[in-house]
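As a plain string of letters, each chain reads:
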Amino acid sequence: MKDNSGYVASFSKLIQCPTVTDSGHEYFEAFHKALDEEFPHVAATCSKMELGRDVLLYKWAGKHSDRPVVLMAHQDVVPAVGGDWICDPFSATVKDGKIYGRGTIDCKNTLFCTIQAVDELIAEGVTPEQDIYLSYSDCEENSGPGAEMARDWFKAHGVKPNVVIDEGGAIVRKDGKYMVKDGAMVGIIEKGYADVRIIARGKGGHSSQPPKNTPIARLAAFVNYVETHNVFKPGMSAPAKAMILGLADVLKPGLKGIAKLAGHMGSLTAHIMPKLNAHYGAPMFKSTVVFTMCDGATAPNVIPQEAWVNANVRVSPLDSVEKCVAKLEKIAKKFDCEVQLGNNREASPMADLSGDGYTQFVAAIKKTYPDVEVVPYYMFGGTDCRTMQEIAVTAIRCTPCRLSSEQLGGMHAANENIDITSLEETVNFFKTFLREYN
Ligand SMILES: [Zn+2]
């Protein structure tokens, strides 16, 4: 059995494989070799399905197959170029009880803690009540097809997961300033997504004799209008309310009452908060839009015949892709622009907070982390989980791993790191959950 230093050695080996998305099969091959070496009981006992690309799916057969569990994570990481790293980002340097490296919290910690938990339980002679699957995509970071390939395997084999657990929220350490308790942010929903291309056309021509109202001028006026008006209506959705009321339990006494009141005031809160705090208030209570890409002529002295900007819309569960696009289209027409819908998906369904998948997950948190308060977490960004959610009863987006807000800031940034004690606690959590799941 691995002790504390065994965890560090195994985890470091995973971090030292630079599995940057689409960097090359050889890096993932080395990563798979490390998995076989470090988790010998999984290698010997679980069936391993290689689904194409470098996607991995393990099945640990349980006593029953009617309510399986899928634990997800991704093998790939974002590049670690730039930033002021204190060490080589693929060295897994240990310093002050922390391991530094790309992927330490996004999300080789999730991968390590799930496979380590299964490995230990097998070594202890445990057979789970239900089949347990470990599903590890190789291309989450560029929204590649890995998770879909896994979903298709489940569909083809007629397996309907009862609960799917993926990365998302973490256990946020109390900051002493606002929070008096650590909060386990259990992701219960993710917002929808739409890329909308706004296109302006014109006659073009030589830039030395410019007409008025060229495509870029109209696009600029459109962008300015959208940025300065409340295009999407705010509202109090069920996940926003659940999160605010949950947060109340980790806040210091003065703020606790305010949060409770805000949660119960519904629409009033939803109207005020986006104005008070654009960073959290806007995404929490409405669909948001931001302009992310644009293009015009191919040379500096050419007036474009066509120019475009990309509006990236995050769709609230109270809205729909269709409603958001219709609003943008109405405004675009005023500026003589057209819209074209690209990649899009609706907000995911919200996890059933009284369903057994959620309640068993929460019970395992309470058992392994008695000092922590569970907070339902409304996720503004996306995860692979949405793909598997299509076929599962419940989807939960959370790795119960203690991280400070400073550590959370290291995600996709320099000096990503994790506490060694957090790894131990999280393995313990997954062991408890899997041992008791039925
Ligand atoms: Zn991730």
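What counts, and where the lines are drawn
- Within any chain, residue numbers begin from 1 and follow the written order of that chain's sequence.
- Totals for whole chains, interfaces and linings use every residue, but because this is a predicted model, local features are given only for residues with pLDDT of at least 70 and side-chain atom pairs only at 80 or more, for both listing and counting.
- The basis for every side-chain value is the complete set of heavy atoms in the structure, and neither hydrogens nor water enter the calculation.
- A run of DSSP states H or I qualifies as a helix once it reaches four residues; a run of E qualifies as a strand once it reaches two. Both are numbered from the N-terminal end.
- Between the two quantities, the radius of gyration covers C-alpha atoms and the globule rule is 2.2 Å times the number of residues to the power 0.38.
- Throughout, a contact is declared for two residues whenever any of their heavy atoms are within 4.5 Å.
- Per-residue and other accessible areas follow the Shrake-Rupley method at a 1.4 Å probe size, with only the shown protein chains counted as cover for residues.
- By the counting rule applied here, Lys and Arg register as positive and Asp and Glu as negative, while His and the ends of each chain are not counted.
- Note that the charge is assigned to NZ on lysines, CZ on arginines, CG on aspartates and CD on glutamates.
- Here a donor is any nitrogen, oxygen or sulfur atom (N, O, S) within 2.8 Å of the metal, with 3.2 Å used for Na, K and Ca; water is not among the atoms considered, so some sites may look incomplete.
- Between 85 and 135 degrees for all angles marks four donors as tetrahedral; over 155 degrees for opposite donors together with 65 to 115 for all other angles marks four donors as square planar and six as octahedral; every other arrangement is irregular.
- Relative accessibility decides the category of a residue: with a 1.4 Å probe and only protein chains considered, values under 20% of the type maximum give buried, values over 50% give exposed, and everything between is partly exposed.
- Boundaries between domains were set according to an automatic or database domain assignment.
- Accessible-area loss on putting two parts together, using a 1.4 Å probe and summing over both, is the definition of buried area adopted here.
- Only one rule defines a salt bridge in this text: a Lys or Arg side-chain nitrogen within 4 Å of an Asp or Glu carboxyl oxygen.
- Axes, fitted as lines to C-alpha atoms, cover a helix only where it is in contact. Angles between the N-to-C directions of the axes lie from 0 to 180 degrees.
- When an angle is under 35 degrees it counts as roughly parallel; over 145 it counts as roughly antiparallel; between 65 and 115 it counts as roughly perpendicular; any other value is oblique.
- It is the rotation of the near helix from the far one that decides the hand of a crossing: anticlockwise by less than a right angle makes it left-handed, clockwise makes it right-handed.
- Counted as a polar contact is a pair of N or O atoms within 3.5 Å, where, for protein atoms, one must be capable of donating a hydrogen and the other of accepting one, and residues adjacent in sequence contribute only when both atoms are in side chains.

Asker: Before we go on, may I ask you to explain the overall build of the protein chain in this structure?
Answerer: A count of helices and strands for the protein chain gives 15 helices and 17 strands. Its C-alpha atoms give the protein chain a radius of gyration of 24 Å, near enough to 22 Å, the size a compact globule of 438 residues would have. If you line up the protein chain on its principal axes, its C-alpha atoms span 80 × 55 × 50 Å. Contacts spanning at least 24 positions in sequence make up 80% of the contacts within the protein chain whose residues lie at least 6 apart. Split by element, the accessible area of the protein chain, about 19000 Å² in all, is 53% carbon and sulfur. Measuring between centres, the 46 positive side-chain charges of the protein chain sit 9 Å from its 53 negative side-chain charges.

Asker: Even after reading the chapter, I still don't get the coordination of the zinc ion, so can you show me in this structure?
Answerer: Think of it this way: four donors in a tetrahedron around the metal ideally sit 109.5 degrees apart, and six in an octahedron ideally sit 90 or 180 degrees apart. The coordination sphere of the zinc ion, as far as protein atoms go, consists of His74 (NE2), Asp106 (OD), Glu167 (OE) and Glu167 (OE), spread over 1.9 to 2.5 Å. The site at the zinc ion holds four donor atoms, and with the angles between them running 55 to 152°, its shape is irregular. For the zinc ion, the single-chain donor residues occur in sequence as H-x31-D-x60-E. Of this pair, His74 sits in strand β3 (residues 64–74) while Glu167 sits in strand β7 (residues 163–172), and the two are 93 residues apart along the sequence. Looking at Glu167, the relative accessible area reads 11%, which means it is buried.

Asker: Could you clarify how one ought to interpret the environment of Thr228 in this entry?
Answerer: Looking at the secondary structure, you find Thr228 in helix α6 (residues 215–228). For Thr228, a relative accessible area of 53% translates into the label exposed. A C-alpha to C-alpha distance of 16 Å links Thr228 and Val313, two positions 85 residues apart in sequence.

Asker: Can you help me understand the domain arrangement of the protein chain in this one?
Answerer: A common measure of how large an interface is: the accessible area buried when the components associate. Partitioning the protein chain into structural domains gives domain 1 (4–189 + 349–436) and domain 2 (192–345). Placing the centre of domain 1 and that of domain 2 at their C-alpha centroids yields a distance of 32 Å. Each side of the interface is counted separately: domain 1 has 21 residues, and domain 2 has 20 residues. Looking only at domain 1, the three residues that lose the most surface to domain 2 are Tyr178, Tyr378 and Phe380, adding up to 38% of its buried area.

Asker: How should unusual backbone geometry be read in this particular structure?
Answerer: It is generally the case that most residues other than glycine have a negative phi and that most peptide bonds are trans. With an omega of -20°, the peptide bond running from Asp106 to Cys107 counts as cis. Secondary-structure assignment places Cys107 in the loop between β5 (98–100) and α4 (108–123). If you check the backbone angles, Arg53 has positive phi at about 50° while not being a glycine. Backbone geometry places Asp336, a non-glycine residue, at a positive phi of 55°. Position of Asp336 relative to the elements: it lies in the loop between α11 (321–334) and β14 (337–345).

Asker: What exactly am I supposed to notice about the pattern of salt bridges here?
Answerer: Oppositely charged side chains are able to pair whenever their charged atoms sit close together. Per the counting criterion, the structure on display carries 32 salt bridges. As a salt-bridge pair, Glu120 and Lys431 come within 2.7 Å of each other at their nearest N and O atoms. One end of the pair, Glu120, is in helix α4; the other, Lys431, is in helix α15 (residues 420–436), and 311 residues separate them in sequence. With a relative accessible area of 5%, Glu120 lands in the buried category. Between Glu306 and Arg201 there is a salt bridge whose closest N-O contact spans 2.7 Å. In this pair, Glu306 is assigned in strand β13 (residues 306–315) and Arg201 in strand β9 (residues 192–201), connecting sequence segments 105 residues apart.

Asker: Is there a simple way to explain the packing of α6 against α11 in this structure?
Answerer: Each pair of packed helices can be described by the angle between their axes along with the distance between the axes. Taken N-terminus to C-terminus, the directions of α6 and α11 make an angle of 135°; their axes are 9 Å apart at the nearest point. One finds that α6 runs oblique with respect to α11. Relative to α11, α6 is oriented so that their crossing is right-handed. Residues Phe222, Tyr225 and Val226 of α6 form the contact with α11, whose participating residues are Leu328, Ile331, Ala332 and Lys334.

Asker: Explain the side chain of Thr21 here, please?
Answerer: Tracing the backbone shows Thr21 in the loop between α1 (4–15) and α2 (25–38). Among the polar contacts listed, one links the side chain of Thr21 to the side chain of Asp76, at a separation of 2.9 Å. In contact with Thr21, not counting residues within four places along its chain, are Asp76, Val77, Asp138, Cys139, Glu141 and Asn142.

Asker: Whenever I open this one, the side chain of Thr114 confuses me. Can you help?
Answerer: Within the secondary structure layout, Thr114 lies in helix α4. Of the residues examined, Thr114 reaches a relative accessible area of 1% and is grouped as buried. In this structure the side chain of Thr114 is engaged in a polar contact, spanning 2.9 Å, whose partner is the backbone oxygen of Leu111. Among the polar contacts listed, one links the side chain of Thr114 to the side chain of Tyr136, at a separation of 2.8 Å. Those residues in contact with Thr114 that lie beyond four places of it in its chain are Leu71, Leu134, Tyr136 and Phe430.

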